[in-house]
Amino acid sequence: MNRSNQTNLRAKARLIYDYIQENLYLNQPDITINNEAFNSALLMSLLVGLSRGKALIIGEPGLGKTTSVEYIGALIHRIPLGTIWQAEVSGHPEQTEEKIVGRPDLGKLNLGEEYVIWSHFTMLPIKIVDEINRLPETKQSMILNGVDRGNWEYLNDAVINREYCLFATANYQDRGTNTIIAPLMDRFDVMVESRHPGANLAGTLGTNSDHEVLLRSEKLETEFQSALSERTPYKERMEKLDALSDQFGDHLSNESQIPSLTREERQFVHDQINQLPFDVDFEAFLRMVIAELSFCHQYGQKRSGEICNDGCHFTGYLCESTKNCLSNRFPKSVRNLSRALAWLLGDRTAGLQHLEAVLPFTLAHRIRWKDQYIVESEREYRDDPVQIHMAKKAVQQMMRRYREQANRVQQALAVACRVAEGEKIDLIEGDHPLFHLIFKDLGQEIP
Amino acid sequence: MKNPFSSFKKIAVKSGDRIPLDRYVRKNKQVMDNLLTQYQCLDQDMIQKLCRFLNQPLHHVRESGFHCTNKLPEILHIPMARAGKIYEHSRQLIEHITYTVDDIKNLCTLTGLSKSVKPEQTGLTGLYISALINACDESYFEFDFQGHQQELHFLGFRLESGKKIIVNGNLGCFAGAQLNGGELIVNGTLGSWCAAGMTKGRIKITSDEPSTTDHKRQRWFYGLPVSVQEIVR
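Residues numbered from 1 in each chain as written. Chains lettered and ligands numbered in written order. Predicted model: local features only at pLDDT ≥ 70, side-chain atom pairs only at ≥ 80, totals over all residues.

1. Description of the overall build of chain B
Regarding its fold elements, chain B presents 8 helices and 5 strands. Secondary structure elements of chain B, listed N to C terminal, follow the sequence α-α-α-α-α-α-α-β-β-β-β-α-β. A buried classification covers 32% of the 233 residues belonging to chain B. Across chain B, contacts joining residues at least 24 apart in sequence account for 59% of those joining residues at least 6 apart. (Helix = DSSP H or I, 4+ residues; strand = E, 2+ residues; numbered from the N terminus. Buried ≥ 20, exposed ≤ 12 C-beta atoms within 10 Å, placed from the backbone. Contact = placed C-beta atoms within 7 Å.)

Printed below as a string of structure tokens:
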């Protein structure tokens, strides 16, 4: 595909966003990037869909958490809503591996053959786990590998998804919910809130015709059902699904002029996103963020069980306020989403503005704050749930520090590059964990 | 091993203004650390006793009949002897340290700017600084003490011939005590016991003449009347 195709695809992706925003998911814009206003839940879901990521959507019951991602999935992957509903996994205490992943073919098992019937959830490229925090903690562990790598195992068989994105929704804590275990939480690229659209928009609900019907086709849903239930190899079934998806895409564009993406187009978008370069500010600021959230002057690095003492030289940096260390999935999530955002906005590089926009949502579920900081933030006037609010505040703090010393940080990293290549020059000192980590990485004594 | 900093290879390293400043700061820090370490080696018991004398009520000054142009009253014999010992000890301690006029200025700033430090810790840095001044190769010293939270006592102690100190700001007690041929010019106010035990040299007070009655009384109280603008011996 050439450059004009790339522009067309970007326009198509924007059309999908606009169509859902205007017709299917009532919402208010709550973030501004490059002077354009977006709704964070919808934007992040779209970016996750395009970059094959994983998103956790939180919010009150009935505020469009599940439906918004169903629409995104239906239009990006050209799958009828009915099929998506069939493949959804509901979180509840009685959920089992046999219902989520796959079950043995009992008929064949009686004959002594071991054959796995994979669930539709496992097979479909769009995966939705509804109310994931109603799954007991022990059962959350069952989907860790699948969530992480698209690798689903049952008995001695396995399915590795060639393309997938995963959305999970979670209500706020009530009597029926459980804590989402830290390893599962870390596997989500973003956590975003599906918010109330406001009384004025909500008051218009039910007055217009139901656009949801347009994303359905009973005939094709039946054919999808048959294709998914076939006892053929995964690859063959996927080829059939692709053909059916194209039929559904044609149905959408012919009947209702609704845009959607073919498999080749999705692959092209994915490749384009992965080729976008990062600018120097992005690289430097990302390192500052990782340094602040993984560094501990007293114990070498942050560890969940080790709480550092008061009076450390780095008091005031975020390492003082957090309990845990950032995982290596964090930079991957940030890079993927920043690139996807830059691509969607038509920028040639992923830069500081993209990073600043995605950081709060990639950090919110990954940072475990010390109790005293949560208590302080809980009572502040705010627009977001406390985790996202605290992450936004943290990003603002780090951004202020970066703007104050951007030149020095970049110079320090440039000098470090030369020292790593063997040049004999003095490293640059500074008052941020990043400067200390540069000295440490290059085996030099911290002055 | 992969170079983790390769993304920053294209950034030009500005060596011109970066490295000299860093080196200067680092070198300067080492000298300051040495000077402060040696200061802490002074006889703390002697320092405590001298500080106690400095903190006594002001009427002792008047009762002693001290006058800056007269001989040393008896009440000052022991304090001056103690100051002399601290000074001599300071000279020994700094013997092997290489420093510049800027280092002396930085030390003054470090000890003078902070109000939170106890007077016992910094109250007699004036003696130590006087020792540094006398042992320094340079002969001209200009200090700006405006904005300092603590006043230096004993500045110009035993200032030798050929040395000149100009102070913009206020000094504490015993300014120019036992002056030994040097020149001390103060553009500010002085505490009590100025020029005590001065043998030769010149102390000049170039600040505006005291205009308020309180200030005039204070000068008289300290044995430094308003009419005295210069003490030469």
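So, next bit.
2. Considering the overall build of chain A
What chain A contains, in helices and strands, is 20 helices and 13 strands. What you see for chain A is a C-alpha radius of gyration of 23 Å, in line with the 22 Å of a compact globule of 447 residues. The C-alpha extent of chain A, read off along each of the three principal axes, is 70 × 50 × 50 Å. Across the 447 residues that make up chain A, the buried fraction comes to 43%. (Rg over C-alpha atoms; globule rule 2.2 N^0.38 Å.)

3. Brief notes about helix α20 (residues 433–441) of chain A
Turning to α20 of chain A, its buried residues number three or more, namely Pro433, Leu434, Phe435 and Ile438 of chain A. Positive phi shows up at glycine 443 of chain A, right after α20 of chain A, with a value of about 70°.

4. Re the sheet that holds strand β10 (residues 165–170) of chain A
All names here are of chain A. Sheet architecture is open: 5 strands sit in the order β4-β7-β10-β3-β11, paired in parallel fashion. At either margin of the open sheet sits one strand with a lone partner, and together these are β4 (89–90) and β11 (190–193). Pairing between β4 and strand β7 (residues 126–130): 2 bridges, direction parallel. What sits directly across from serine 90, in β7, is aspartate 130. This element, helix α2 (residues 40–51), spans β3 (54–58), β10 and β11 of the sheet and lies at about 150° to β11. (Pairing = 2+ DSSP bridges. Axes fitted to C-alpha atoms, helices over the stretch in contact; angles between N-to-C directions.)

5. Quick notes on the sheet that holds strand β1 (residues 140–144) of chain B
Residue and element names in this part refer to chain B. Read from one edge of the open sheet, 5 strands run β1-β2-β3-β4-β5, paired in mixed fashion. Looking along the sheet, the strands with just one partner apiece sit at the ends: β1 and β5 (230–232). Each strand of the sheet is rotated relative to its neighbour by a mean of 10°, with strand direction disregarded. Summarising the sheet, β1 and strand β2 (residues 164–168) pair through 5 bridges and their orientation is parallel. By the bridge assignment for β2, phenylalanine 141 is matched with isoleucine 165.

6. Here's the deal with the confidence of the model for chain B
Averaged over every residue, the pLDDT of chain B is 81; the share at 70 or more is 86%. Across the whole predicted complex the pTM is 0.70, and at the interface the ipTM reaches 0.86. (pLDDT = per-residue confidence, 0-100.)

7. Quick look at the pairing of β7 of chain A
All names here are of chain A. Counting buried positions along β7 yields 5 of 5 residues, so the element is predominantly enclosed. Every second residue of β7 is oriented toward a common face, with Ile126, Ile128 and Asp130 on one face and Lys127 and Val129 on the other, all of them buried. In terms of strand pairing, β7 meets β10 through 4 bridges, oriented parallel. Paired with isoleucine 128 across the bridge in β10 is phenylalanine 167.

8. As for unusual backbone geometry
Residue and element names in this part refer to chain B. One non-glycine residue with positive phi stands out, namely phenylalanine 174, at about 60°. Within the element layout of this structure, phenylalanine 174 appears in the loop between β2 and β3 (180–187). Look at glutamine 178: it is not a glycine, yet its phi comes out positive at around 50°. Residue glutamine 178 is classed as buried on the basis of its C-beta count, with 22 C-beta atoms lying within 10 Å.

9. Overview of the packing of helix α15 (residues 280–294) of chain A against helix α17 (residues 352–363) of chain A
Residues and elements named next belong to chain A. Between α15 and α17, the least distance of the axes is 8 Å, while the angle of their chain directions is 30°. Note on element contacts: α17 touches α15 through Leu352, Leu355 and Leu359, opposite Asp281, Phe282, Phe285, Leu286 and Val289. Tallied by class, residues from the contact of α15 with α17 come to 7 nonpolar, no polar and 1 charged. (Nonpolar A, V, L, I, M, F, W, Y, C, P; charged D, E, K, R; others polar.)

10. So, the packing of α2 of chain A against helix α3 (residues 65–77) of chain A
All names here are of chain A. At a minimum axis separation of 10 Å, α2 and α3 run at an interaxial angle of 40°. Between α2 and α3 lies a crossing of right-handed hand. Residues Ala41, Leu42, Ser45, Leu46, Gly49 and Leu50 of α2 pack against Ser68, Val69, Ile72, Gly73 and Ile76 of α3. Of the residues in the contact of α2 with α3, the class split is 7 nonpolar, 4 polar and no charged. (Left-handed = near helix turned anticlockwise from the far one by under 90°.)

11. Re the environment of asparagine 180 of chain B
All names here are of chain B. For asparagine 180, the location among the structural elements is in strand β3. The partly exposed category is assigned to asparagine 180, around which 18 C-beta atoms lie within 10 Å. Sequence separation between asparagine 180 and leucine 159 is 21 residues, and the spatial gap between their C-alpha atoms is 5.2 Å. Residues in contact with asparagine 180, not counting those within four places in the same chain, are Arg158, Leu159, Glu160, Thr199, Lys200 and Gly201.

12. Here we look at the environment of leucine 286 of chain A
Residue and element names in this part refer to chain A. Position of leucine 286 relative to the elements: it lies in helix α15. Separated by 116 residues in sequence, leucine 286 and tyrosine 402 place their C-alpha atoms 10.0 Å apart. Apart from the residues lying within four places of it in its own chain, the contact partners of leucine 286 are Pro331, Val334 and Leu355.

13. Describing the environment of glycine 300 of chain A
Residue and element names in this part refer to chain A. Tracing the backbone through its elements, the reader meets glycine 300 in strand β13 (residues 300–301). The exposure class of glycine 300 is exposed, given the 10 C-beta atoms found within 10 Å. Distance in space between the C-alpha atoms of glycine 300 and glutamine 275 is 35 Å, their sequence separation being 25 residues.

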